[in-house]
Amino acid sequence: MQLGPRARTFLAAAFLVLAVAVIAVAVSQWRFGAGLDPRDDTFSRAAGIGFTDEARSTLFSVLPVALPALAALLAPATKPGRVIGSLTRLVYLSYLVIGVLLTLSAARYGFDDAGQLAEEGQVYIDTRAAVERLVLDGVWLALAGIGLVFAGKTRSRKRTSTAEVVKQGPPQA
């Protein structure tokens, strides 16, 4: 089943909107999702220690990584498709920035055993768990980086796949 350019544009735009929604929800959960527990702050939510944190599982999941790649793949070679390609790269860049900030916040919390002990009375995330999360977050960020590169390659491949006009000399009599 072949999709026309309009259907492909609509589907690609829908995929981008869904990816942006997932990323926005993750940011909201991380930055504004504080619960009633006084230990619940931005760093503990980033580390995912279980108070009200869902930001890590929301951001570091398949949807915000795969949907922009699908959008870039589906986008036609027309002008709306090129706009979608540019927006795809912007979505990946925002994912990478937010992901790095979330990862660094989680690492800061996880590597501060003394701070956890002083503030909460126990260590929730030890150094080993912090390193594991840092590695896993790095994998998700690497996948997003690959998606960013893929989105750029898809756009350039589509641009060069159009037929070029061959100039001929002046008509000869």
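Above this text is the structure in question.
Residues numbered from 1 in each chain as written. Predicted model: local features only at pLDDT ≥ 70, side-chain atom pairs only at ≥ 80, totals over all residues. Heavy atoms only, no water.

Caption draft 1: Molecular detail of the overall build of the chain. Helix and strand content of the chain: 7 helices and 0 strands. Its helices and strands in sequence order give the chain the pattern α-α-α-α-α-α-α, from N to C terminus. Within the chain, buried positions represent 36% of all 173 residues. Across the chain, every contact between residues at least 6 apart in sequence was considered, and the portion connecting residues at least 24 apart equals 69%. Surface accessibility of the chain: about 10300 Å² in total, with carbon and sulfur atoms responsible for 67%. (Helix = DSSP H or I, 4+ residues; strand = E, 2+ residues; numbered from the N terminus. Buried < 20%, exposed > 50% of the residue type's maximum accessible area, 1.4 Å probe, protein only. Contact = heavy atoms within 4.5 Å. Areas by Shrake-Rupley, 256 points an atom, 1.4 Å probe, with all protein chains shown as cover.)

Caption draft 2: Summary view of the nonpolar core. In terms of nonpolar packing, the biggest core is built from 25 residues, with Ile23, Leu59, Phe60, Ala71, Ile84 and Tyr95 touching the most fellow members. Setting aside residues up to four positions removed in sequence, Phe60 forms contacts with Tyr95, Gly99, Leu102, Thr103, Asp137, Trp140 and Leu141. (Core = buried A, V, L, I, M, F, W, Y, C linked by side-chain atoms within 4.5 Å.)

Caption draft 3: Expanded view of helix α4 (residues 62-74). Between its first and last C-alpha atoms α4 spans 18 Å; for 13 residues at 1.5 Å apiece the expected length is 18 Å, and the two agree. Along α4, the residues classified as buried are Pro64, Val65, Leu67, Pro68, Ala69, Ala71 and Ala72. (Expected span 1.5 Å × (residues − 1).)

Caption draft 4: Expanded view of the environment of Thr78. Within the secondary structure layout, Thr78 lies in the loop between α4 and α5 (79-110). Linking Thr78 and Pro5, residues 73 residues apart in sequence, is a C-alpha distance of 8.0 Å.

Caption draft 5: Structural view of the side chain of Thr58. Tracing the backbone through its elements, the reader meets Thr58 in helix α3 (residues 55-59). Thr58 has contacts with Val22, Val25, Ala26, Gln29 and Pro64, leaving out every residue within four places of it along the chain.

Caption draft 6: Main features of the packing of helix α1 (residues 5-32) against α5. Relative to each other, α1 and α5 sit at 20 degrees, their axes nearing to 10 Å. One way to sum up the angle between α1 and α5 is to call them roughly parallel. Of the two possible hands of crossing, α1 and α5 adopt the one that is left-handed. Across from Thr9, Ala12, Ala13, Leu16, Ala19, Val20, Ile23, Val27 and Trp30 in α1, the residues of α5 making contact are Pro80, Ile84, Leu87, Thr88, Val91, Tyr95, Ile98, Leu101, Leu102 and Ser105. (Axes fitted to C-alpha atoms, helices over the stretch in contact; angles between N-to-C directions. Parallel < 35°, antiparallel > 145°, perpendicular 65-115°, else oblique. Left-handed = near helix turned anticlockwise from the far one by under 90°.)

Caption draft 7: Structural detail: a nonpolar patch on the surface. Taken together, Phe111, Val131, Leu134, Val135, Val139, Leu143 and Ile146 make up a surface patch of nonpolar side chains, about 580 Å² in accessible area. Assignment of secondary structure puts Leu134 in helix α7 (residues 127-160). (Patch = residues over 30% accessible without salt bridge, like charges linked within 9 Å, V, L, I, M, F, W, Y side chains within 5 Å. Salt bridge = Lys/Arg side-chain N within 4 Å of Asp/Glu carboxyl O.)

Caption draft 8: Summary view of the packing of α1 against α4. In the contact formed by α1 and α4, the axes pass within 8 Å of each other and the chain directions differ by 160 degrees. For the element pair α1 / α4, the angle class is roughly antiparallel. By crossing handedness, the relation of α1 to α4 is classed as left-handed. Facing α1, whose interface residues are Arg8, Leu11, Ala12, Phe15, Leu16, Leu18, Ala19, Val22 and Ile23, α4 presents Leu63, Pro64, Leu67, Pro68, Leu70, Ala71, Leu73 and Leu74. Class assignment for the residues of the contact of α1 with α4 results in 16 nonpolar, no polar and 1 charged. (Nonpolar A, V, L, I, M, F, W, Y, C, P; charged D, E, K, R; others polar.)

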